[in-house]
Amino acid sequence: MSSLFRSEEMCLVQLFFQTESAHNCINELGLLGLVQFKDLNPEVTAFQRRFVKEVKKCEEMERILRYLEKQMVKSNIEIAETTEREMVPCPRDVLELESTFEKLEQELREINRNHDTLRQNLIELMDIDSLLRMTEDFFEEAETLLSCSEAPSEDSMPMTISSPRTTRRNSSFSMTGISGPLHLGFIAGVIKQERFPAFEKVLWRLFHGNFVLRHAPIQVTEEVEAMQRGPVKKDVFIIFVQGEHVREKIRKVCEGFHASLYCCPKTLFERKEMSNSVMTRMEDLRIILRRTEEYRSGVLKRAAEHLHEWGSKVKKMKAIYYTLNLCNIDITQKLIVAEIWCPVADLASVQYALVNGSEQSGSTVTPVLNRIQTKQTPPTFNRTNSFTEGFQAIIDAYGVGTYQEINPASPKQSLVLMDVLLGGRYIILLMGLFSIYTGLIYNDCFSKSFNIFGSSWSVRPMFHPRGPWQNKTLHENHHLQLDPIVPGVFSGHPHVFGIDPIWNIASNKLSFLNSFKMKMSVILGITHMLFGLTLSLVNFVHFRKFQEIFLQFLPQLIFMLSLFGYLTFLVLYKWSISLSSESAPSILLLFINMMLFDYHPEHTMLYPGQKAVQIFMVVTAMFMVPVLLLVKPLLVYRNRMKSRQQVFSNHLNDEPAADPHSSFSQPQKEELVSMGDVCVYQGIHTIEFCLGCISNTASYLRLWALSLAHAELSEVLWRMVLQPGLKLSSSAGSLMLALLFAAFAVLTVAILLVMEGLSAFLHALRLHWVEFQNKFYEGSGYKFTPLSFDSLTKTQQ
Amino acid sequence: MVSHSLALPMICFTTLWGLVGIVAPFFVPKGPNRGVIITSLVLTAVCCYLFWLVAILAQANPLFGPQLKNETIWYLRYYWE
């Protein structure tokens, strides 16, 4: 019982163990996952903690591991998963791991650097190669120019040179002022294609056309793309100019545009030689690059086998150092003191784990457990299995229970129909089972009723000679109502299980069902709330707050019972007695008149003496309100006055040597909450409870509303979708029926199961959280978060 | 089954849910789930019994009867017992 109703009993335990065995012990405790370490150094900042260096080292290692992982992912190397538990590394292994990691990182970085350099070189060589090939054409042109120009002529020669590959504008220009053999110098290079137009413009502005510029785009092959990691369009250009001075200027312009310049030999023979050497160098580079990549993937593959293992080891180390930071290191450096919260039931396993740990580390001294009493609030721990986990998660979403108060995670939540999607599968299962039961009670299955036990109503007695009807009454009237007063119409014993099937075919079905369902909702609601109130009593008993029982629980109980308990009684009483329908009083009117003290002689009562009983109930309820409001603050006030007087008298009697501060500080410590706060809190609580009673009771009427809506939806689906399909008499009727049934099925699942199921779950949850839990649940605890390596690895994945 | 009055079903169902809710908890085997099972049994018994009780009490002394179409009455007159 206690395991579900309350959170586990926790105890505060002091642990003493040796420094050498610290790692293994904490490792064992982490594997156990049942122990929460308390921070013994709360004033110390993170940077001043003892093991901050080690934690930093672990973080550094994690960074390296992440870098390795990224590299592996980039090179598409699979990282092996490890499933066995690894032993925790002791501090020596940490150093080893650290050095391994650093070496790996350095190696990898170096490889990457080399690879990049090689790549750059290859790209350059490729550029030179393309340059050499393309400028062949230009040089041929230039030579024809030279041969042409040897014909002495001082006229300007139109040079409309249009090579099929160039895209410059066709315009003539002159090379004036030159006589004799032309001495053209040139500059060749490679520039990005997008920069080329601007480049050309700048050159024109500077040199006014005293140059010949040729350019052609480099063909982008696949290899080039792979080398460059993406398509970058480049152009080869060559500029023919005269004069050194101009060449310098052009060089500067090229630098400004980030064009790479290459020296191109002048003669054909030299160019051919250069081309060949470039080719061989490229081949060499390609081989070297391939080798580098193979080596790199080899290194990464070897690391990938251990990556996961290292990762979890480092995580564990970090957790252990972090935990060690929370403990107290003894001055003599030999002993570590830790304080842990752990469930009382698990003390034995904790001891066993510690003994294991110290044995592993080879120390002879076993760790000492010392349970200490404390006034501090322990964390809240609810032991769950897969069945109760779903429910507990829902409760914790509202508020983690205060230590050891009643846990409202009861396995049954729903009072209305249909399945649900949130939470665990067991919630869905239980809701489903209860929905089936509800359907049996309401006698409503796809809006049709079962007639298993036979109806309690019969029609024949309504006819002559026993009843008022004739055959012609049937012909004249479309609707006739059965009268229970006529003997035999109602058999005297109600339908054994659930609602009578005759109501399904009655046209005034809703009159009966609404009344029934509303009253049922109110009865269920009041029962639920009384249950909640009783749980608060159990809490008070458990925490030994017996005064609260009289100050809080009893007035609340009496208030609730005298008003709403009486309402329930009225409903049940009216159901149990037989009345004539004309003189039957309405419960609602009775209740209203009771509250207003409105008693007229023409108002019929249900039972003799009702007036007196009702007046008594209302007066009692009204009397409970000031009791709830005032008694507790008054008592608190009186207690404080008494304790203050005692302190004064003690102070007068004591010798002057006694420290005056201590005796004054005592009552001040207990007076953490002032009188004003107590009064306000109690006032709020009273108003909340009393008004809440009424509104919460009405809130339960949502059970009726949802039930009605669901029944109506079900009926609509039958009457508008399936029934017309069944009535079809045409030749294609069977096909139509198949289609209509498909529509019926889809709508049923989507609307009645999914939507209504969610709605039912939501409303049930709201009733549970608000109306039920505000009678007793505080929910101000903090959750038990043990050191557990299982949860660490889970978060890693 | 001929039920003479309200008493017979009342006794039957009260006994049934009483068995489920009050007697069965004593026979739950000891184990870590004992509390959950007992709570489930008691809650099931209380909820189901209350639901059934309200349903049967609401029909025990009806103040008005069902209003039927004349065709339905005609059918029921001859085909229902």
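Procedures and definitions
- Throughout this document, residue positions are counted from 1 along each chain, in the order its sequence is written.
- Going through the entries in the order they are written, you letter the chains from A and number the ligands from 1.
- Residues qualify for local features only when their pLDDT is at least 70, as the model is predicted, and side-chain atom pairs are given and counted only at 80 or more; totals for whole chains, interfaces and linings, by contrast, use all residues.
- Computation of side-chain values: all heavy atoms of the structure, hydrogens and water removed.
- UniProt positions are given in the numbering used here, feature names are shortened, and annotations may be inferred rather than shown by experiment.
- A run of DSSP states H or I qualifies as a helix once it reaches four residues; a run of E qualifies as a strand once it reaches two. Both are numbered from the N-terminal end.
- When a residue's accessible area, from a 1.4 Å probe over protein chains only, is under 20% of the maximum for its type it is buried; when over 50% it is exposed; and in between it is partly exposed.
- Working definition of accessibility: Shrake-Rupley area with a 1.4 Å probe, residue cover restricted to the visible protein chains.
- Contact between two residues is taken to exist if any of their heavy atoms lie within 4.5 Å; hydrogens are not considered.
- Here, any two strands with at least 2 DSSP bridges between them count as paired.
- Axis definition: a line fitted to C-alpha atoms, limited for helices to the stretch in contact. Angles are taken between N-to-C directions and run from 0 to 180 degrees.
- Here a patch means residues that are over 30% exposed by relative accessible area and free of salt bridges, tied together within 9 Å if like-charged and within 5 Å if nonpolar (Val, Leu, Ile, Met, Phe, Trp, Tyr).
- Basic side-chain nitrogens of Lys or Arg form a salt bridge, by our definition, when they fall within 4 Å of a carboxyl oxygen of Asp or Glu.
- Residue-level confidence of the predictor, termed pLDDT, takes values from 0 up to 100.
- Aromatic pairing here means that ring centres of Phe, Tyr or Trp (its six-membered ring) are within 6.5 Å. Orientation follows from the plane angle: under 30 degrees is stacked, over 60 is edge-to-face, and everything else is tilted.
- In our convention, an over-ring charge means Lys NZ or Arg CZ found within 6 Å of a ring centre and within 35 degrees of that ring's normal.
- By definition, the buried area sums, over both parts, the 1.4 Å-probe accessible area that each loses when the two are put together.
- For this classification, under 35 degrees means roughly parallel, over 145 means roughly antiparallel, 65 to 115 means roughly perpendicular, and everything else is oblique.
- Should the near helix be turned anticlockwise from the far one by less than a right angle, the crossing is termed left-handed; should it be turned clockwise, right-handed.

As named in an unreviewed UniProt entry, chain B is V-type proton ATPase subunit, taken from Danionella cerebrum. Annotation of chain B in UniProt includes, under Sequence similarities (unreviewed entry), the sentence "Belongs to the V-ATPase e1/e2 subunit family."

Chain A is annotated in an unreviewed UniProt entry as V-type proton ATPase subunit a of Danionella cerebrum. Under the heading Function (unreviewed entry), UniProt records this for chain A: "Essential component of the vacuolar proton pump (V-ATPase), a multimeric enzyme that catalyzes the translocation of protons across the membranes. Required for assembly and activity of the V-ATPase." Listed under Subcellular location (unreviewed entry) in UniProt, the entry text for chain A is "Membrane".

(A) Spotlight on the overall build of chain B. Broken down by element type, chain B carries 3 helices and 1 strand. The buried share among the 81 residues of chain B stands at 44%. Accessible area for chain B stands at about 4,500 Å²; split by element, carbon and sulfur atoms hold 72% of it.

(B) Main features of the overall build of chain A. Within chain A, the secondary structure is distributed over 21 helices and 10 strands. Among the 797 residues that make up chain A, the fraction classed as buried is 45%. For chain A, contacts bridging at least 24 residues in sequence account for 80% of all contacts bridging at least 6. Counting only carbon and sulfur atoms, one obtains 60% of the accessible surface of chain A, whose full area is about 43,400 Å².

(C) Just the UniProt feature "coiled-coil region" (unreviewed entry) in chain A, in detail. The UniProt record marks residues 94-128 of chain A with the feature "coiled-coil region" (unreviewed entry), using the residue numbering of this structure. Annotated as 100% helix and 0% strand, the span residues 94-128 of chain A places its first and last C-alpha atoms 51 Å apart.

(D) Up close: the sheet that holds strand β3 (residues 185-192) of chain A. Residue and element names in this part refer to chain A. Spatial strand order, β4-β5-β3-β6: 4 strands in an open sheet with antiparallel pairing. In the strand order of this sheet, the two ends are held by β4 (212-217) and β6 (260-262), each with one partner. Averaged over all neighbouring strand pairs, the angle between strand axes comes to 25 degrees, with direction disregarded. Bridging between β3 and β6 involves 3 bridges; their strand directions are antiparallel. For G189, the partnering residue across the bridge sits in β6 and is L261.

(E) Region of the structure containing the UniProt feature "transmembrane region" (unreviewed entry) in chain A. Residue and element names in this part refer to chain A. When the UniProt feature table is mapped onto this chain, "transmembrane region" (unreviewed entry) is found at residues 420-442, 522-543, 549-572, 584-600, 612-635 and 735-755. Secondary structure content for residues 549-572 is 100% helix and 0% strand, and the end C-alpha separation is 29 Å. Across residues 584-600, the secondary structure splits into 59% helix and 0% strand, with the terminal C-alpha atoms separated by 15 Å.

(F) Quick peek at a nonpolar patch on the surface. Residue and element names in this part refer to chain A. A grouping of L429, L433, I436, L440, F450, I452 and F453 is seen on the molecular surface, where their side chains present a nonpolar patch of about 720 Å² in accessible area. Following the sequence through the fold, L429 ends up in helix α11 (residues 425-442). For L429, a relative accessible area of 48% gives the class partly exposed.

(G) Quick look at the confidence of the model for chain A. Residues and elements named next belong to chain A. When pLDDT is averaged along chain A, the result is 79, and 83% of the positions lie at 70 or above. Per-element confidence in chain A ranges from a low mean pLDDT of 47 for helix α17 (residues 660-670) to a high of 93 for helix α19 (residues 702-727). The low-confidence segment residues 151-181, where pLDDT is below 50, has 38 contacts with residues more than four positions distant or belonging to other chains. Low pLDDT, under 50, characterises residues 657-669; the predicted model gives this stretch 5 contacts beyond four residues in sequence or across chains.

(H) Representation of the packing of aromatic side chains in the model. Enumeration according to the criterion identifies 29 aromatic pairs over all chains in this entry. Between Y437 of chain A and W17 of chain B, the aromatic rings sit 6.1 Å apart at their centres with planes inclined by 90 degrees, giving edge-to-face as the arrangement. Taken together, the positions of Y437 of chain A in helix α11 and W17 of chain B in helix α1 (residues 7-23) put the pair across two chains. W17 of chain B shares its class with Y437 of chain A; the two are buried. Above the ring of Y67 of chain A, the side-chain terminus of R109 of chain A is found at 4.3 Å from the ring centroid. In this structure, R77 of chain B is placed above the aromatic ring of F463 of chain A, and the distance from its NZ or CZ to the ring centre is 3.8 Å.

(I) Quick look at the UniProt feature "transmembrane region" (unreviewed entry) in chain B. In the UniProt entry, the feature "transmembrane region" (unreviewed entry) is given for residues 6-28 and 35-58 of chain B. As annotated, residues 6-28 of chain B has a helix share of 74% and a strand share of 0%, and its two end C-alpha atoms lie 33 Å apart.

(J) Geometry of the interface of chain A and chain B. Taken together, the 64 residues of chain A in the interface contact 45 residues of chain B. Across the chain A to chain B interface the summed buried area is about 5,100 Å²; carbon plus sulfur atoms make up 71%. Looking at the side of chain A facing chain B, the largest losses of area belong to P494, V496 and W575 of chain A, adding up to 12% of the total buried there. One can count 0 salt bridges joining chain A with chain B.

(K) Up close: the pattern of salt bridges. All names here are of chain A. All told, the structure shown has 15 salt bridges over all chains when counted by the stated rule. The salt bridge partner of K38 is E339, with a shortest N-O separation of 3.5 Å. On the criterion of sequence distance, the pair formed by K38 in the loop between β2 (36-37) and α3 (52-74) and E339 in strand β8 (residues 335-343) is long-range, its members being 301 residues apart. Looking at E339, the relative accessible area reads 13%, which means it is buried. The salt bridge partner of D127 is K234, with a shortest N-O separation of 3.1 Å. Here D127, found in helix α4 (residues 91-149), pairs with K234, found in strand β5 (residues 234-241); they are 107 residues apart in sequence, far enough to count as distant. A residue is classified by how much of its surface remains accessible, and D127, at 7% relative accessible area, is buried. Residues joined by salt bridges that share partners form a network here, namely E60, R63, E105 and R109.

(L) A look at the packing of α1 of chain B against helix α2 (residues 34-58) of chain B. Residues and elements named next belong to chain B. In the contact formed by α1 and α2, the axes pass within 8 Å of each other and the chain directions differ by 165 degrees. For the element pair α1 / α2, the angle class is roughly antiparallel. Crossing of α1 against α2: the hand is left-handed. On α2, the residues touching P9, M10, F13, T14, W17, V20 and G21 of α1 are L41, V42, T44, A45, C48, Y49, W52, L53, I56 and L57.

(M) Broad picture of unusual backbone geometry. All names here are of chain A. Residue P465 is bonded to the preceding H464 through a cis peptide linkage, with omega at 0 degrees. Tracing the chain through its elements places P465 in the loop between α11 and α12 (471-476). Phi angles above zero are rare outside glycine, and F446 is one such case at about 50 degrees. Tracing the backbone through its elements, the reader meets F446 in the loop between α11 and α12. A residue is classified by how much of its surface remains accessible, and F446, at 48% relative accessible area, is partly exposed. Phi at F597 is positive, roughly 55 degrees, even though this residue is not glycine. As for its position among the elements, F597 is in the loop between α15 (587-596) and α16 (610-653). Judged by its relative accessible area of 36%, F597 is partly exposed.

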